[in-house]
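Descriptive structure summary
As a plain string of letters, each chain reads:
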Amino acid sequence: MTSFIPGFNNTLNHKAQFYLELAEECTSLLAGQRNLITNTANVSSLVYHRLLETPTREGKPVNWVGFYLSDSKKPGTLTLGPFQGKPACTAIAMGKGVCGTAAQEQRTVVVADVHEFPGHIACDSASKSEIVVPLQTSDGKVHGVFDIDASVLDAFDDYDRMGLEAIVKMVGEACDFDM
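Now for a quick tour of the structure. These numbers were taken from a predicted model, which means no experiment stands behind them.

Regarding the environment of Val 43
- Summarising the element assignment, Val 43 is placed in helix α2 (residues 36-53).
- Under the relative-accessibility criterion, Val 43 is labelled buried at 1%.
- Note: C-alpha distance between Val 43 and Thr 56 (13 residues apart in sequence) is 19 Å.
- Those residues in contact with Val 43 that sit more than four places away from it in its chain are Cys 26, Leu 29, Leu 30, Phe 67, Phe 146, Ile 167 and Val 171.

Next comes the structure, spelled out in structure tokens:
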């Protein structure tokens, strides 16, 4: 069982416990599977549905969860990968919008109000806040991003950031990126 996520310090916080349980579910989904599409599809679905169902996020509903992946045929571009939600933008340039910025800067970007983010790309007008976590391998190479949108302002906090970073790290370690 995943009993530790950096930054949670063995807290009894309900949101921290939610992410520990979600990480455990992801561990089971990823076990024995190395395929990038399979793993990102399953993790997108699991995270989307668990975030919608958990009472710890009451009043902060997500409306889109998914991956944008690096495309060797289109260097400098993130291409839409597996997701849950309404249809989305199919390609995002590195350094553009929240996703491109997170990938280029190799850091998680949490945006309380997407309308205040310079260069925000509006794929769904219902999205009001967003968190994007780079999908990296242990050598630090970015292979994409994990993007979550919410239909309310300020929907993501440090617990979300730490929990989602731990889950995305698991995905990065569980996948082969030679597609």
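Quick look at the state of the cysteines
- By the definition in use, this model includes 1 disulfide.
- For Cys 89, the disulfide goes to Cys 123, at an S-S distance of 2.0 Å. Residues Cys 89 and Cys 123 are joined through a disulfide that is left-handed, its torsion about the S-S bond being -125 degrees. With a gap of 34 residues between them, Cys 89 in the loop between β2 (77-85) and β3 (91-93) and Cys 123 in the loop between β4 (109-111) and β5 (129-136) connect regions that are remote in the sequence.
- The class of Cys 89 is partly exposed, set by a relative accessible area of 21%.
- Residue Cys 123 is classed as partly exposed on the basis of its relative accessible area of 30%.
- Left without a disulfide partner, Cys 26 is nearest to the cysteine sulfur of Cys 175, which lies 11 Å away.

As for the sheet that holds β2
- A sheet is described by the order of its strands in space; here 6 strands give the open sequence β3-β2-β1-β6-β5-β4, paired in antiparallel fashion. Each of the sheet's edge strands pairs with one partner strand only, and the pair in question is β3 and β4. Ignoring which end each strand starts from, the neighbouring axes of this sheet average 25 degrees apart.
- Sitting on the sheet, α2 is in contact with β1 (62-70), β2, β5 and β6 (142-150), with an inclination near 160 degrees to β1.
- Of the strands in this sheet, β1, β4, β5 and β6 touch helix α4 (residues 158-174), which is tilted by about 30 degrees from β5.

Procedures and definitions
- Residues numbered from 1 in each chain as written.
- Predicted model: local features only at pLDDT ≥ 70, side-chain atom pairs only at ≥ 80, totals over all residues.
- Heavy atoms only, no water.
- Helix = DSSP H or I, 4+ residues; strand = E, 2+ residues; numbered from the N terminus.
- Buried < 20%, exposed > 50% of the residue type's maximum accessible area, 1.4 Å probe, protein only.
- Contact = heavy atoms within 4.5 Å.
- Disulfide = S-S within 2.5 Å.
- Pairing = 2+ DSSP bridges.
- Axes fitted to C-alpha atoms, helices over the stretch in contact; angles between N-to-C directions.

In short, geometric facts, not functional conclusions.
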